[in-house]
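Now for the letters of each chain:
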Amino acid sequence: MRPANFDYRRPTTVADVLGDLASTPGARVLAGGQSLVPLLNMRLVQPPVVVDINRVEGLDELRERDGRLHVGATVRQATVLASERAQRAVPLLVAALAKVAHPQVRSRGTVVGNLCHHDPASELPAVAVALDAEFTVAVQGEGIRLIAAAEFFGEQFRTAVPPAGLVTGVSFPVAALGTVAGFHEISRKAKDFALIGGAAQFRLDTHAEVVDARVAVTGLGHRPLRMTAVEAALLGAPPTDDALRTASRLATGEVVAEVNARSSAGYRRRVLPVVVHRALRAAAARIEVSA
Ligand SMILES: Cc1cc2nc3c(=O)[nH]c(=O)nc-3n(C[C@H](O)[C@H](O)[C@H](O)COP(=O)(O)OP(=O)(O)OC[C@H]3O[C@@H](n4cnc5c(N)ncnc54)[C@H](O)[C@@H]3O)c2cc1C
């Protein structure tokens, strides 16, 4: 299929992007195009203007600042996946990215574009929620605001980004030394979207007991869900397989049937603790690797 006609703009400054977005209601940002272009081709979206941000200066930065890893709006998924700094700073993001699509898609697709698209079966929103990621959003005439991941994701394919807003980047807290992370998903084919996926991260204190546990799940409902009861149950105990399994049984959350047509709500509810347990086990396996 061919897209409906649209105006194509390719500004080189954030100010010009914001001007283009503000001057035409319904204008859309184009980042990696891996989700937007199929939507255009199928005419599921018909924006009057597409604003390509790939030549905008300063949006391609991947750097650590003030204890956070900042990922600019045009940083490719492949760049983060291959980055030793990202692996050290935010191992959970890298573990999840390894499950996202194929190398071809990741070489164009951006981390920020993935989060803005907010497919309810996507891996990265679970990481953002688990780690308390923070989005930097710019709107013409309103300056810059920060939106916490807990507020960012709305109904499926919706976010808190205002209509003429540009997400200039997302930041994740840098993990303390000894942090381990794992992502586990069930999908019909390798590298496909998850039917359900779990993100887990924790570290051990000097007594080899779990501190700072982070667990979230994607694919259950409209938005990624933080598994706070699981997190609480993990704290203060060694991460034995029994402890991980027992904590995983506390995984719970609303399962929305119409989200994720690839699997039934009953199936996702049943495998939820299994997915959480396997994500935790994948994280725990990293302890042995780093020991
Ligand atoms: C074959 C295939 C398999 C895939 N498999 C997976 C998978 O397993 N898991 C997964 O998570 N994803 C998967 N994807 C989606 C992929 O990760 C996309 O790259 C991602 O969803 C969108 O990122 P993008 O940079 O391409 O954004 P685009 O397609 O350019 O944009 C996506 C949406 O976000 C908006 N947007 C983008 N950037 C910004 C910004 N800075 N500010 C405001 N709005 C913005 C756009 O306007 C658009 O609405 C797959 C895609 C394909 C084609």
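Here's a quick rundown of the structure.

The rules behind the values
- Residues numbered from 1 in each chain as written.
- Predicted model: local features only at pLDDT ≥ 70, side-chain atom pairs only at ≥ 80, totals over all residues.
- Pairing = 2+ DSSP bridges.
- Helix = DSSP H or I, 4+ residues; strand = E, 2+ residues; numbered from the N terminus.
- Near = placed C-beta within 6 Å.
- Nonpolar A, V, L, I, M, F, W, Y, C, P; charged D, E, K, R; others polar.
- Buried ≥ 20, exposed ≤ 12 C-beta atoms within 10 Å, placed from the backbone.
- Arc of directions from axis to C-beta.
- Contact = placed C-beta atoms within 7 Å.
- Axes fitted to C-alpha atoms, helices over the stretch in contact; angles between N-to-C directions.
- Core = buried A, V, L, I, M, F, W, Y, C linked by C-beta atoms within 7 Å.

## With respect to the sheet that holds strand S10 (residues 196–204)
Strand order in the open sheet made by the 4 strands is S9-S10-S11-S12, with antiparallel pairing throughout. Each end of this open sheet is capped by a strand with a single partner; those strands are strand S9 (180–186) and strand S12 (225–226). The sheet contact formed by strand S11 (residues 210–218) and S12 spans 2 bridges and is antiparallel. When the sheet's bridge partners are listed, Ala216 is paired in S12 with Arg226.

## Quick word on the site of the ligand
Taken together, 30 residues sit near the ligand, with Gly32, Gln34, Gly109, Gly113 and Ser122 positioned nearest. For the shell around the ligand, the secondary structure elements donating two or more residues are strand S2 (28–30), helix H7 (111–117) and strand S8 (166–173). For the shell around the ligand, the element with the most residues is H7, which contributes 5 residues. Among the residues making up the shell around the ligand, the classes are represented as 15 nonpolar, 10 polar and 5 charged.

## Considerations on helix H1 (residues 14–23)
For H1, the full list of buried residues reads Val17, Leu18, Asp20 and Leu21. An end-on view of H1 places all buried positions within 160° of arc, on one side of the element. Seen from the open side of H1, the exposed residues pointing more than 90 degrees away from its buried face are Ala15 and Ser23. In this structure, the buried side of H1 is in contact with strand S1 (7–9), strand S3 (49–52), strand S6 (134–139) and S8.

## Overview of the sheet that holds S3
The strands making up a sheet associate through backbone hydrogen bonding, with each pair oriented either parallel or antiparallel. With respect to topology, 3 strands assemble into an open sheet ordered S1-S3-S2, the strand pairing being parallel. A strand with exactly one partner marks an edge of an open sheet, and here the two such strands are S1 and S2. Mean inter-strand twist for the sheet, computed between neighbouring axes without regard to direction, equals 25°. Summarising the sheet, S1 and S3 pair through 3 bridges and their orientation is parallel. Bridge assignment links Arg9 to a residue of S3, and that residue is Val51.

## Some points on the nonpolar core
In terms of nonpolar packing, the biggest core is built from 85 residues, with Leu92, Ala199 and Val217 touching the most fellow members. With 7 residues, the single largest contributor to this core is helix H12 (residues 265–290). Residues contacting Ala199, with those up to four places away along its chain left out, are Leu92, Ala96, Ala126, Val127, Ala130, Phe183, Val215, Ala216 and Ala279.

Read these as layout, nothing more, since geometry by itself doesn't imply function.
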